[in-house]
Amino acid sequence: MSNPKNLNISDSWNFKDESVKYSIKAIPWINETVVRQISNSNKEPEWMLELRLKALEIYNKKTMPSWWPDLSGLDLSSIYYFAKPEWSGNNKSWDDVPEHIKNTFDRLWIPEAEKKFLAWVWAQYDSETVYHSLKKELKDKWVIFDDMSHALRNPEYQEIIKKYFSKSIPLADHKFSALHYAVWSGGTFLYVPQWVKIDEPLQSYFRMNLESWGQFEHTLIIIEDNASAHYIEWCSAPKYDKNSLHAWWVEIFVWKNSHMRYSSVENWSIDTYNLNTKRAIVEENGTMEWVWWNMWSNTTMLYPATILKWDNSRCDHLWIAFANTWQNQDTWAKVIHIWKNTTSNIVSKSLSKWWWISTYRWLVDIKPSAVWAVSKADCDWLMLDSISSNNAIPDIRVWNSSSTIAHEASAWKINEQDLFYLMSRWLSEEEATSMIVNWFISPILKELPLEYASEMNVLIAMEFEWGF
């Protein structure tokens, strides 16, 4: 994705739009009044309000899991749980978007990206969608793409949403799962019918603009038999002096002989707590691919999981983390092999400097019925100083004797001879280091579309300009 206006990249991610006015802004704190206000504002059916109230009850009873990173700096009583910008809604034309919000997304290059290669794009600002576009040929094939809150108001979609919503990630999964279901707003609803194969990426942008803000989007993706899609989500937030919370849930259902790739590019500010749970259920001969890129944030807890439910299903978990200065990245790939000939591949790449803590957990659970399953995990760390911490916590459970497991982990530093060689070719130390880092993460970077990979290279270079 090019930068058509020759903008400063760091400014494009870390700016604040203080001109936005809000027609609804819930008080900080979470209680039944706030939950009902969210449900009423979204004009939801009664069953969703009942689900929210049940989740709130669970949230009030649940305690924090003891194995999580330290969240003592996150004050949940000061978080705003819902905000509706004026003029929000599913604007079908870019010209319909208010100028001040349009300027925000212009700086993130949404219209340029859509013109070049996207099948569709939509943008969420805080709790509400401000722009939505879908190519006509996909509409004609009965593909559904909508803002999740807007889709729930459509009587034609309510039955299928109710069938799948909260079915892969239960309300009581953990405390923040209950919180999410109580206050969720926005997100993506994607439905791809049988035999429909979408070759171009589908894309959403999520922007957190408010101070002390909580964004709780919910993404529900259903890929029917013999269908395929590639969905990409971009997230960003400006830097404030107060902490914000991003608790994003993703549920994906991949049916027989189908293929789904889910890519996520997250570039948060240092005061954002990024707490995500994502889960896919894959049927016979189905394929699920996760591609993650995570930068910045105060604390990231990113926990994608795949359940290989039937014969010959497979998944890939590919992850890159890049941050510094007292940040804590705690991520987890979880794969459950249930039936025979299932395959999983886990690849993690992380870079660390300046007291950064990187923890990668992975659980591979091969059930007795998953005969002849194959699983491989490969985790690599590139340490750019001697004071950061990198941790690998594997949990491998094999309940039959016919399956194959491979596990590899490595940590290394930049070779001084390689650095000297590149600098002798008229590269600065920052440019030489950036080149080595790009080589290190290239196995995962190449899985993104070219426009996105190019953007990632720019962001990496920016890190070194800032003295990473």
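Cut-offs applied
Residues numbered from 1 in each chain as written. Predicted model: local features only at pLDDT ≥ 70, side-chain atom pairs only at ≥ 80, totals over all residues. Heavy atoms only, no water. Helix = DSSP H or I, 4+ residues; strand = E, 2+ residues; numbered from the N terminus. Buried < 20%, exposed > 50% of the residue type's maximum accessible area, 1.4 Å probe, protein only. Contact = heavy atoms within 4.5 Å. Areas by Shrake-Rupley, 256 points an atom, 1.4 Å probe, with all protein chains shown as cover. Phe/Tyr/Trp six-rings, centres within 6.5 Å; stacked < 30°, edge-to-face > 60°. Lys NZ or Arg CZ within 6 Å of the ring centre and 35° of its normal. Pairing = 2+ DSSP bridges. Lys, Arg positive; Asp, Glu negative; His and termini not counted. Salt bridge = Lys/Arg side-chain N within 4 Å of Asp/Glu carboxyl O. Polar contact = N/O pair within 3.5 Å; in protein donor to acceptor, adjacent residues only side chain to side chain. Patch = residues over 30% accessible without salt bridge, like charges linked within 9 Å, V, L, I, M, F, W, Y side chains within 5 Å. Axes fitted to C-alpha atoms, helices over the stretch in contact; angles between N-to-C directions. Parallel < 35°, antiparallel > 145°, perpendicular 65-115°, else oblique. Left-handed = near helix turned anticlockwise from the far one by under 90°. Nonpolar A, V, L, I, M, F, W, Y, C, P; charged D, E, K, R; others polar. Charge placed at Lys NZ, Arg CZ, Asp CG, Glu CD. Core = buried A, V, L, I, M, F, W, Y, C linked by side-chain atoms within 4.5 Å. Arc of directions from axis to C-beta.

1. Some thoughts on the overall build of the protein
Broken down by element type, the protein carries 12 helices and 22 strands. When burial is assessed residue by residue, the protein has 62% of its 468 residues classed as buried. Across the protein, every contact between residues at least 6 apart in sequence was considered, and the portion connecting residues at least 24 apart equals 84%. Accessible surface for the protein amounts to roughly 18500 Å². Of this, 52% is attributable to carbon and sulfur atoms.

2. Overview of the packing of aromatic side chains
Following the criterion strictly, the structure yields 12 aromatic pairs and no others. With a centroid separation of 6.0 Å and an interplanar angle of 50°, the aromatic rings of Tyr157 and Phe189 are classed as tilted. Within this pair, whereas Tyr157 is found in helix 8 (residues 155-164), its partner Phe189 is found in strand 6 (residues 188-192), the two being separated by 32 residues in sequence. This pair shows no difference in class: Tyr157 is buried, exactly as Phe189 is. Relative to Trp292, the ring of Trp290 has its centre 5.4 Å away and its plane inclined at 10°; by these criteria the two rings are stacked. No difference in accessibility class separates Trp290 from Trp292, as the two residues are buried. Grouping aromatic residues by their ring pairs yields a cluster made of Tyr231, Tyr262, Trp290 and Trp292. One cation-aromatic arrangement involves Lys175 over Tyr59; the distance from NZ or CZ to the ring centre is 4.0 Å. For Lys278, the ring lying beneath its charged end belongs to Trp248, and the centroid distance is 3.1 Å.

3. A look at the pairing of strand 9 (residues 218-223)
Side-chain positions along a regular strand alternate between the two faces of the sheet. Burial analysis of strand 9 places six of its six residues in the buried class, which makes it a mostly covered element. Of the two faces of strand 9, the one lined by His218, Leu220 and Ile222 and the one lined by Thr219, Ile221 and Ile223 are each fully buried. Pairing analysis gives four bridges linking strand 6 to strand 9, with the strands arranged parallel. Paired with Tyr191 across the strands is Ile222, a residue of strand 9. Where strand 9 lies against strand 11 (residues 244-254), six bridges are found, and the strand directions are parallel. Bridge pairing in strand 11 places His218 opposite Trp249.

4. Regarding the side chain of Glu233
With respect to the helices and strands, the residue Glu233 is situated in strand 10 (residues 228-236). Lys278 is the oppositely charged side chain nearest to the buried, salt-bridge-free Glu233, at an N-O distance of 4.8 Å. For Glu233, the side chain forms a polar contact with the side chain of Tyr231, separated by 2.5 Å. Excluding anything up to four places from it in sequence, Glu233 contacts Thr188, Ser204, Phe206, Thr219, Trp248, Val250, Tyr262, Ser263, Ser264 and Val265.

5. With respect to a nonpolar patch on the surface
Side chains of Ile396, Val398 and Ile405 sit close together on the surface and give an oily, nonpolar patch of about 200 Å² of accessible area. For Val398, a relative accessible area of 36% puts it in the partly exposed group.

6. What to know about the side chain of Asn400
Mapping Asn400 onto the fold places it in the loop between strand 21 (389-398) and strand 22 (404-413). Within the structure, Asn400 has its side chain in polar contact with the backbone oxygen of Ala370 (distance 3.0 Å). A polar contact of 2.8 Å, which involves the side chain of Asn400, links it to the side chain of Ser403. When near neighbours in sequence (up to four residues on either side) are disregarded, Asn400 contacts Ile366, Lys367, Pro368, Ala370 and Val371.

7. Overview of the packing of helix 2 (residues 32-41) against helix 3 (residues 46-61)
Running from amino to carboxyl end, helix 2 crosses helix 3 at an angle of 155°, the nearest separation of the two axes being 10 Å. Accordingly, the angle class assigned to the pair helix 2 and helix 3 is roughly antiparallel. Crossing handedness for the pair helix 2 and helix 3: right-handed. Packed against helix 2, whose contacting residues are Glu32, Val35, Arg36, Ile38 and Ser39, the element helix 3 presents Leu49, Arg52, Leu53 and Leu56 at the interface. In the contact of helix 2 with helix 3, the residues fall into five nonpolar, one polar and three charged.

8. Overview of a negative patch on the surface
Taken together, the side chains of Glu416, Glu429, Glu430 and Glu431 present a region of like negative charge at the surface. When residues of the negative patch are assigned to their parent elements, the largest contribution, three residues, is made by helix 11 (residues 429-445). Mapping Glu429 onto the fold places it in helix 11.

9. What about the nonpolar core?
Ranked by size, the top nonpolar core spans 51 residues in total, and within it Tyr81, Ile161, Phe176, Leu179, Val183, Phe189 and Leu245 carry the most contacts. If you tally residues by element for this core, the top one is helix 3, at seven residues. Membership of the second largest hydrophobic core comes to 45 residues, among which are Val192, Ala333, Ile366 and Ala377.

10. Some thoughts on helix 8
Along helix 8, the residues that are buried comprise Tyr157, Ile161 and Tyr164. Taken around the axis of helix 8, the buried residues stretch over an arc of 65°, which confines them to a single face. The exposed set on the far side of helix 8, more than 90 degrees from its buried face, consists of Pro155, Glu159 and Lys163. Where helix 8 is buried, its residues contact helix 3, strand 5 (144-147), helix 7 (148-152), strand 6, strand 9 and strand 11.

11. Quick look at the environment of Tyr262
With respect to the helices, strands and loops of the structure, Tyr262 is situated in strand 12 (residues 259-267). Residue Tyr262 is classed as buried on the basis of its relative accessible area of 0%. Taking C-alpha positions, Tyr262 is 8.4 Å from Trp292, a pair spaced 30 residues apart along the chain. Side chain to side chain, Tyr262 and Glu233 meet in a polar contact 2.4 Å long.

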